[in-house]
Amino acid sequence: MKKLKSLLLVGAALLLSATAYAKPNIYILATGGTIAGTGVSSTQTNYHAGGVAIQTLIEAVPAMTEIANITGEQVVNIGSQDMTTDVWLTLANRINELLADPNVDGIVVTHGTDTMEETAYFLNLTVKSNKPVVLTGAMRASTAISADGPLNLYNSVCTAADPASRDKGVLICMNGIILPAHGTVKMNTVDVQTFQAPNSGPLGYLFNSKVYYNDITLKRHTTKSVFDVKGLKELPKVGIVYSYADIDADVMEPYFTGGYKGVVHAGLGNGNYHKNLFPSLLKARENGILVVRSSRVPTGPTTLDNEVDDAAYQFVASYELNPQKARILLMLALTKTDDWQQIQQYFLEY
Ligand code: ASP
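Residues numbered from 1 in each chain as written. Predicted model: local features only at pLDDT ≥ 70, side-chain atom pairs only at ≥ 80, totals over all residues. Heavy atoms only, no water.

A. Geometry of the sheet that holds strand β4 (residues 69-78). Strands sit in the order β4-β1-β5-β6-β7-β8-β11-β12 across an open sheet of 8 strands; the sheet is mixed. In this open sheet, the two strands that pair with only one neighbour each are β4 and β12 (210-213). When the angles between neighbouring strand axes are averaged without regard to direction, this sheet yields 25°. Across 2 bridges, strand β8 (residues 177-180) lies against strand β11 (residues 204-207) in antiparallel orientation. Following the sheet pairing, Ile178 is matched in β11 by Gly204. (Pairing = 2+ DSSP bridges. Helix = DSSP H or I, 4+ residues; strand = E, 2+ residues; numbered from the N terminus. Axes fitted to C-alpha atoms, helices over the stretch in contact; angles between N-to-C directions.)

B. Region of interest: the nonpolar core. Grouped together as the largest cluster of nonpolar side chains are 52 residues, with contacts concentrated most on Ile95, Ile107 and Phe122. Per-element accounting of this core gives the leading share, 8 residues, to helix α4 (residues 85-99). Grouped together as the second largest cluster of nonpolar side chains are 26 residues, Ile26, Ile54, Ile58 and Val108 included. (Core = buried A, V, L, I, M, F, W, Y, C linked by side-chain atoms within 4.5 Å. Buried < 20%, exposed > 50% of the residue type's maximum accessible area, 1.4 Å probe, protein only.)

C. View of the site of the ligand. The environment of the ligand is made up of Gly33, Thr34, Tyr47, Ala49, Gly79, Ser80, Gln81, Gly112, Thr113, Asp114 and Ala138. Thr34 places a polar side-chain atom, nitrogen or oxygen, 2.9 Å from an oxygen atom of the ligand. One of the side-chain N or O atoms of Ser80 is found 2.5 Å from an oxygen atom in the ligand. When the residues that make up the shell around the ligand are grouped by side-chain class, the tally is 3 nonpolar, 7 polar and 1 charged. (Near = heavy atom within 4 Å. Polar contact = N/O pair within 3.5 Å; in protein donor to acceptor, adjacent residues only side chain to side chain. Nonpolar A, V, L, I, M, F, W, Y, C, P; charged D, E, K, R; others polar.)

Structure follows, in C-alpha cells:
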C-alpha cells in the first residue's frame, strides 16, 4: 500500500512538472515580404519579396523549437506593398479562429515591412483575444549576408510564447525591440533599425531569448475593441489626400464619383489644409463623406481646437494616428456609424 502511494505521488509530480514545462503552441502565419525574399546574390540587394515558403523559414531557425511547438501556415506570399483589405480580413478571421482554440497560445505573423504597421494596427482593432499576436519581418532578404529575418523570427516566437505578452495588444518585434501596433511607424527605407514608435516609445526588448517589458499601451485594442470583422466581405472605401504648397482642388475629384465613404487628409503642421482644398473638404462633408484631419508631419498629434474649427465643419482630428493608420480606424469606424462625433470619440480612444 505504502509503495503504491509513493508510486502515485511520483506519477503526480512527473505529470505536474510536464505540464509546468509544456512548451507553448505557436502558429506562424506567413504572408511574404523580404523575410521570405531571395536576392540575386548574398551581397546585392536586388531581390524579390515573397517566394520562400513558411516551412523553409521555420527550418532556417531550428532554435525556435526549443521555445515552442511551431506550426506554420502560408496565408499569402506577397510583397507587402501589394497588401489588400481582403488579406487583412482573412488574417483577422484566421487568427480569431486559432486563438479561440485553448491549445493555441500565440501567433506570429511574418510580413513585409512596407505595410507592416498598417496590418498590425488593423489586427490590433479586430483580434478578439488577449493572447499574443506578434508581427515580424526583415529588411534584408533571406539570402543576404547578415540577414535579419532569422533572429527577428526567433525573437518573435520568444515574444509570442511569453505569457507576459498577453493583454498588450498586437505587437511588432523587429531588431530586438517590441513595439505597440498603435504607434509604430516604418522610419527608414533601408536600415535594419527601421521600426520606431516616435510618440510613445517601445514596450520592451529581448536579450538572450528573454523578453523584458517596461511599458504598456493605454489605447483600446483587441478584447476592448468594439470592431468586429466576422462575416464582413469588404470595408468602406476610404482614401488619403496628401497636402502640399499650392495644391490644386482637383485631387479631390475622385472622392465625389468613386464611392468613397471617407477621406483622410494628410495635412500640413497640426492637420492644416491649404485654402485651395478647403471648399472640397467642406463639399465632401455635404456629400456625407467623413473627413479626418491627420498630418504629414511624422511626430506629434493632430489635435482638435488648434487652427481649425472642427466642430463648425464636422471634421475629425486623428490625434496620434498617422494618415495610413487613421485610414484603417476610419474604415472600421464606418462599419459602425457615420456619426462624426462618435467617430471623433473613436479617434480619442483607439
Ligand atoms: N517590399 C518589401 C515588403 O514590404 C519590403 C520588406 O519586406 O522589407 O514586402
